[in-house]
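# Coordinates in review
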Amino acid sequence: MRMLHTMLRVGNLDKSIAFYTEVLGMRLLRQSDNTEYRYTLAFVGYGDESEHTVLELTYNWDTDSYDLGNAYGHIAIEVDDIYQACDKIRAKGGVISREPGPVKGGTTKIAFVRDPDNYAIELIEKKDSYDTL
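## Observations regarding the overall build of the protein
- Scanning the protein from terminus to terminus reveals 2 helices and 8 strands.
- A compact globule built from 133 residues should have a C-alpha radius of gyration of about 14 Å, and the protein, at 16 Å, falls within 12% of that.
- The principal-axis extents of the C-alpha atoms in the protein amount to approximately 50 × 30 × 30 Å.
- Burial analysis of the protein (133 residues in total) assigns 36% to the buried set.

## Considerations on the sheet that holds strand 5 (residues 75-79)
- Judged by pairing direction, the sheet is mixed, and its 4 strands sit side by side in the order 5-8-7-6 without closing on themselves. In this open sheet, the two strands that pair with only one neighbour each are strand 5 and strand 6 (95-102). Direction aside, neighbouring strands of the sheet carry axes that sit 20° apart on average.
- Bridging between strand 6 and strand 7 (residues 109-114) involves 5 bridges; their strand directions are antiparallel. Bridged to V95 within strand 7 is R114.
- Along the sheet, helix 2 (residues 82-91) makes contact with strand 5, strand 6, strand 7 and strand 8 (120-125), crossing strand 6 at roughly 170°.

## Concerning the sheet that holds strand 3 (residues 39-45)
- Taking strand neighbours across the sheet as the criterion, the 4 strands line up as 1-4-3-2 in an open arrangement whose pairing is mixed. Only two strands of the sheet have a single neighbouring strand rather than two, namely strand 1 (5-9) and strand 2 (27-34). Sheet twist, expressed as the average angle between the axes of neighbouring strands with direction ignored, equals 20°.
- Pairing of strand 2 with strand 3 involves 7 bridges; the strand directions are antiparallel. Paired with R30 across the bridge in strand 3 is F43.
- Sitting on the sheet, helix 1 (residues 13-23) touches strand 1, strand 2, strand 3 and strand 4 (54-60), and the angle it makes with strand 4 is about 165°.

## Notes on the pattern of salt bridges
- A complete count under the given rule lists 5 salt bridges for this structure.
- We note a salt bridge from D87 to R90, for which the minimum N-O separation is 3.4 Å. Here D87 and its partner R90 are both found in helix 2, 3 residues apart, which amounts to about one turn of the helix.
- Assessed through its relative accessible area of 36%, R90 is described here as partly exposed.
- Several salt bridges converge on common partners, so that one network encompasses D87, R90 and E99.

## Regarding unusual backbone geometry
- Of note, the phi angle at R38 is positive, near 60°, even though the residue is not glycine.
- By secondary structure assignment, the location of R38 is in the loop between strand 2 and strand 3.
- Judged by its relative accessible area of 37%, R38 falls in the partly exposed class.
- Despite not being glycine, N118 shows a phi value in the positive range, around 80°.
- Inspection of the secondary structure assignment puts N118 in the loop between strand 7 and strand 8.
- Its relative accessible area of 43% is what places N118 among the partly exposed residues.

Definitions and cut-offs
- Residues numbered from 1 in each chain as written.
- Predicted model: local features only at pLDDT ≥ 70, side-chain atom pairs only at ≥ 80, totals over all residues.
- Heavy atoms only, no water.
- Helix = DSSP H or I, 4+ residues; strand = E, 2+ residues; numbered from the N terminus.
- Rg over C-alpha atoms; globule rule 2.2 N^0.38 Å.
- Buried < 20%, exposed > 50% of the residue type's maximum accessible area, 1.4 Å probe, protein only.
- Pairing = 2+ DSSP bridges.
- Axes fitted to C-alpha atoms, helices over the stretch in contact; angles between N-to-C directions.
- Contact = heavy atoms within 4.5 Å.
- Salt bridge = Lys/Arg side-chain N within 4 Å of Asp/Glu carboxyl O.

Structure (structure tokens):
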């Protein structure tokens, strides 16, 4: 078994695709419309779906916002340099909701970014090994 994708419902597909591709550096892998049921799916990611987990952005044509609730947490993305990544994201108009620095009680460097629908994305600086925080 392997993880295939995570799905997010988005209120504006163009803004979401622009954020994930232009701000976070993903690629638009595929996109399809379902006219009968009035939705569009767009898959974005850092590599081909055959080898990487990707994001499915679901745009329901008649819905422009969602109540995110309090159960969903965040998406995590590994970066080489947390400070440089935040500077690039900020320069492209991205919102840093938690400035980069060590996680409370640990040494792992993290930051948080918000996408156009206010979903949280955790940036985690790459470590040599994946030990606990």
